[in-house]
Amino acid sequence: GAAARARRQRSVKVSFSMLFSKSISVSGRLVHAASVFYLLLPAVLFAFGWLRAIWLLPVLAVLALCGFTLVRSYWQKGGSVQLSVWYMLLCAAAVLVWLAFSGIGGFSYQNLDYYVRNPILNDLTHFSWPLRYDLSAQPDAVQALCGSDPVGFVYYFVFWLPAAALGKVFGAAQLWLFVWCFAGLMLVLLQLQLYLQKQSLLIPVVFMGFSGLDCIPFFVQEGFVKTGHMEWWSHFFQYSSNTTLLYWVFNQAIPLWLIVGLLLNLGSRNGGAALCSLSFLYSPFATFGMIPIALCAVKKNGLGHTLHTAANWLTPALMLGVWGSFYLSNPGSLGANGWIFALGGISAVKWYFPFVLLEVGVYLLLLRRQLLCYDYLWICAVELVLIPLYKLTDANDFCMRTSIPALLILCISVIRYLLEHKNKTCLALALCLVIGMATPCAEVLRSVKFTLSGKPDANLVGDSFAAMTLDKYEYAEDLVTTVNNQFFAHDWQDSLFEKYLGK
């Protein structure tokens, strides 16, 4: 009996050991197809919820053509990557912990931006589509700030639609949002694995920890603050770390990361213009950063071949025609804009050069010999130097969000160099990465600290934009004014979208 039990225990241990050491061939075809579906599903839901019936079939046909063209290109390419079970489980666990402290799903402390993130999800879940608000039903104090007319809700909110749709049917929309984000992040990591073709913990670690060297000027200015938000040290500009993007603007970051991953794996095959144009669904600002990259993809594929494929011009036309006209329903949402030196004067000049050097310059200098060798790296270098020169919106969203695609390509280029080389440059890159990781660590530590201390979440103006309040937060008036300016379209009935396309 004892001997038999010992044999069974050894057998179980061997079985577990074999399971975790086993490698799985991850099919590029399936990962790419799932990624394309992930990006197109929110657009399909928007079409059903916001468009007139007469436009539904043409819009769905173009989206289907886009999906078919992309999936066919990836299917022809094929490819796979070998990943061990233990590695995949470790990556999934790391992403799960990273995501758990982002505030998504309501499992942890939520940063200030959730004062609009939560009402967006709640209203998309509990109200009929398209979203409309009657401001005359708001409290008098809110009406004094926003007016009392009916308004339309205009924002790039399609990322929330799958979670909201599931929440309508099954409830627990916050949980579905968490699951949707987790699925997106895992697809991003798989895209990176397929592109880099190597199993290495460097890939998830550098992806989650990538940042500029914000901590150096921040510590000079503020001293050692473990949970401070470090990225506004230059006052005029900000390039956000990947963790900052996830914790503050996940709705823009996750789909843009996925588009970049798909583009890198697409290579010179067809569909690059169609793929890049999907960024307009999720972030009009980031689309500015995708345009130069898309032009490079078109050149790589060949202009004639690109134009010969209907999806490559029909999809951008659809994005501009439908979503462009929808966004323009609220033309007053941009706030201050102009050349940064005209707006900021000599102070902006003083901060521009150290900002570029510490945020991206050190990495670009170390990768200077790869600028023309690595995919899209040279055009991203040009972008990242030029983007801070222009300001759009009071918070300078142009700088923070237009840079998302280029920063991810820079991040992937750093990983690629570290995987391909063993030299002094690798040591310098590793040192920069370690210093830069102070920024994402501060973001995570702040969330952990406030989660454990029970600091309240960021429902600062109420659970719904239909019933806002001014008594929850010290700066509630400013927040309500921001909601009114950025999300409420007061003359939506007169807009091109409403007259010809919308329900």
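Residues numbered from 1 in each chain as written. Predicted model: local features only at pLDDT ≥ 70, side-chain atom pairs only at ≥ 80, totals over all residues. Heavy atoms only, no water.

Undergrad: What is the right way to read the overall build of the chain from this model?
TA: In terms of helices and strands, the chain carries 25 helices and 7 strands. Each principal axis of the C-alpha atoms in the chain carries an extent, and together these give about 80 × 65 × 55 Å. Looking at the chain as a whole, 55% of its 503 residues are labelled buried. Intrachain contacts of the chain at a sequence separation of at least 6 include 80% that bridge at least 24 residues. As presented, the chain carries roughly 21100 Å² of accessible surface, and 67% of it is formed by carbon and sulfur atoms. (Helix = DSSP H or I, 4+ residues; strand = E, 2+ residues; numbered from the N terminus. Buried < 20%, exposed > 50% of the residue type's maximum accessible area, 1.4 Å probe, protein only. Contact = heavy atoms within 4.5 Å. Areas by Shrake-Rupley, 256 points an atom, 1.4 Å probe, with all protein chains shown as cover.)

Undergrad: Would you explain the pattern of salt bridges in this entry?
TA: A side chain with one charge may pair with a side chain of the opposite charge, provided their charged atoms come close. Under the criterion given, the structure shown has 5 salt bridges. The closest approach of N and O atoms between Asp113 and Arg117, which form a salt bridge, is 3.4 Å. One salt bridge in this structure joins Lys300 and Asp375, with 3.4 Å as the shortest N-O distance. Here Asp375 lies in the loop between helix H18 (346–366) and helix H19 (377–386) and Lys300 lies in helix H14 (residues 284–301), a separation of 75 residues in the sequence. Judged by relative accessible area, which is 22%, Asp375 ranks as partly exposed. (Salt bridge = Lys/Arg side-chain N within 4 Å of Asp/Glu carboxyl O.)

Undergrad: Even after reading the chapter, I still don't get H18, so can you show me in this structure?
TA: Side chains of residues three or four places apart in an α-helix project in the same direction, reflecting 3.6 residues per turn. If you check H18, its first and last C-alpha atoms are 29 Å apart, about what 21 residues at 1.5 Å a residue would give, namely 30 Å. Where H18 bends most, the angle comes to about 60°, and this point is Val360. Residues of H18 that are buried make contact with helix H10 (215–222), helix H17 (340–344), H19, helix H20 (397–402), helix H21 (404–420) and helix H22 (424–436). (Expected span 1.5 Å × (residues − 1). Bend = angle between axes of the 7 residues up to and from the residue.)

Undergrad: What exactly am I supposed to notice about the nonpolar core here?
TA: As a rule of thumb, soluble globular proteins bury nonpolar side chains together. Phe46, Phe157, Trp257 and Trp323 are the most contacted members of the largest nonpolar core, which totals 165 residues. For Phe46, the contacting residues outside a window of four places in its chain are Leu51, Phe157, Val158, Leu161, Val322, Trp323, Phe326 and Phe497. (Core = buried A, V, L, I, M, F, W, Y, C linked by side-chain atoms within 4.5 Å.)

Undergrad: Looking at this model, I keep getting lost on a nonpolar patch on the surface. Mind explaining?
TA: A grouping of Leu372, Trp378, Val382, Val385 and Leu386 is seen on the molecular surface, where their side chains present a nonpolar patch of about 480 Å² in accessible area. Looking at the secondary structure, you find Val385 in helix H19. Judged by its relative accessible area of 31%, Val385 falls in the partly exposed class. (Patch = residues over 30% accessible without salt bridge, like charges linked within 9 Å, V, L, I, M, F, W, Y side chains within 5 Å.)

Undergrad: Would you explain the sheet that holds strand S7 (residues 488–489) in this entry?
TA: Strand pairs in the sheet, formed through backbone hydrogen bonds, run parallel or antiparallel to each other. Strand order in this open sheet of 3 strands is S3-S4-S7, and the pairing throughout is antiparallel. Both outer strands of the open sheet, strand S3 (132–134) and S7, are each paired with one neighbouring strand and no more. Sheet analysis places S3 next to strand S4 (residues 150–153), joined by 3 bridges and oriented antiparallel. Within S4, the position partnered with Asp134 by the bridge is Pro150. (Pairing = 2+ DSSP bridges.)

Undergrad: What's the story with the packing of helix H8 (residues 173–196) against H21 in this structure? I'm lost.
TA: When two helices pack together, their arrangement is given by the angle between their axes and by how far apart the axes lie. Between H8 and H21, the least distance of the axes is 11 Å, while the angle of their chain directions is 45°. Between H8 and H21, the crossing angle belongs to the class labelled oblique. You can see that H8 and H21 cross each other, and the crossing is right-handed. Contacts between H8 and H21 pair Leu192, Tyr195 and Leu196 from the former with Ile412, Ile415, Arg416 and Leu419 from the latter. By residue class, the composition of the contact of H8 with H21 is 6 nonpolar, no polar and 1 charged. (Axes fitted to C-alpha atoms, helices over the stretch in contact; angles between N-to-C directions. Parallel < 35°, antiparallel > 145°, perpendicular 65-115°, else oblique. Left-handed = near helix turned anticlockwise from the far one by under 90°. Nonpolar A, V, L, I, M, F, W, Y, C, P; charged D, E, K, R; others polar.)

Undergrad: Teacher, can you tell me more about the pairing of S4 here?
TA: Across 2 bridges, S4 lies against S7 in antiparallel orientation. Of the residues in S7, the one forming a bridge with Phe153 is Phe488.

Undergrad: What's the story with the side chain of Thr315 in this structure? I'm lost.
TA: Tracing the sequence through the fold places Thr315 in helix H16 (residues 311–327). At 2.7 Å, the side chain of Thr315 forms a polar contact with the backbone oxygen of Ala311. Apart from residues lying up to four places away in sequence, Thr315 is in contact with Val62, Cys66, Ala274, Ser277 and Leu278. (Polar contact = N/O pair within 3.5 Å; in protein donor to acceptor, adjacent residues only side chain to side chain.)

Undergrad: When you look at the state of the cysteines in this model, what are you seeing that I'm missing?
TA: What we call a disulfide is simply a covalent bond connecting the sulfur atoms of a pair of cysteines. Within this structure, the stated rule accounts for 0 disulfides. Just so you know, Cys380 is unpaired, no disulfide at all, and the nearest cysteine sulfur is the one on Cys296, 8.1 Å from it. Left unpaired, Cys432 is separated from the closest cysteine sulfur, that of Cys215, by 10 Å. (Disulfide = S-S within 2.5 Å.)

Undergrad: What exactly am I supposed to notice about unusual backbone geometry here?
TA: Residues Trp129 and Pro130 are joined by a peptide bond in cis, for which omega reads 0°. Residue placement: Pro130 occurs in the loop between helix H5 (114–126) and S3. In this structure, Gln197 is a non-glycine residue whose phi angle is positive, near 55°. For Gln197, the location among the structural elements is in the loop between H8 and helix H9 (202–209). Judged by relative accessible area, Gln197 falls into the partly exposed class, the value being 46%.

Undergrad: Just checking my understanding: could you explain the packing of aromatic side chains for this structure?
TA: Remark: the centre distance and the inter-plane angle together describe each pair of aromatic rings, the angle taken between the planes. Inspection of the entire model under this criterion finds 50 aromatic pairs. With a centroid separation of 5.2 Å and 85° between ring planes, the pair formed by Trp339 and Tyr390 is classed as edge-to-face. Of this pair, Trp339 sits in strand S5 (residues 337–339) while Tyr390 sits in strand S6 (residues 390–392), and the two are 51 residues apart along the sequence. If you follow Lys300 out to its NZ or CZ, it ends over the ring of Tyr376, 4.4 Å from the centre. (Phe/Tyr/Trp six-rings, centres within 6.5 Å; stacked < 30°, edge-to-face > 60°. Lys NZ or Arg CZ within 6 Å of the ring centre and 35° of its normal.)

Undergrad: Can you walk me through the packing of H14 against H21 in this structure?
TA: Taken N-terminus to C-terminus, the directions of H14 and H21 make an angle of 55°; their axes are 7 Å apart at the nearest point. Here H21 runs oblique to H14, going by the angle between their axes. Seen from H14, the contacting residues are Ala286, Gly289, Met290 and Ile293; seen from H21, they are Pro405, Ala406 and Ile409. Partitioned by chemical class, the residues of the contact of H14 with H21 number 6 nonpolar, 1 polar and no charged.

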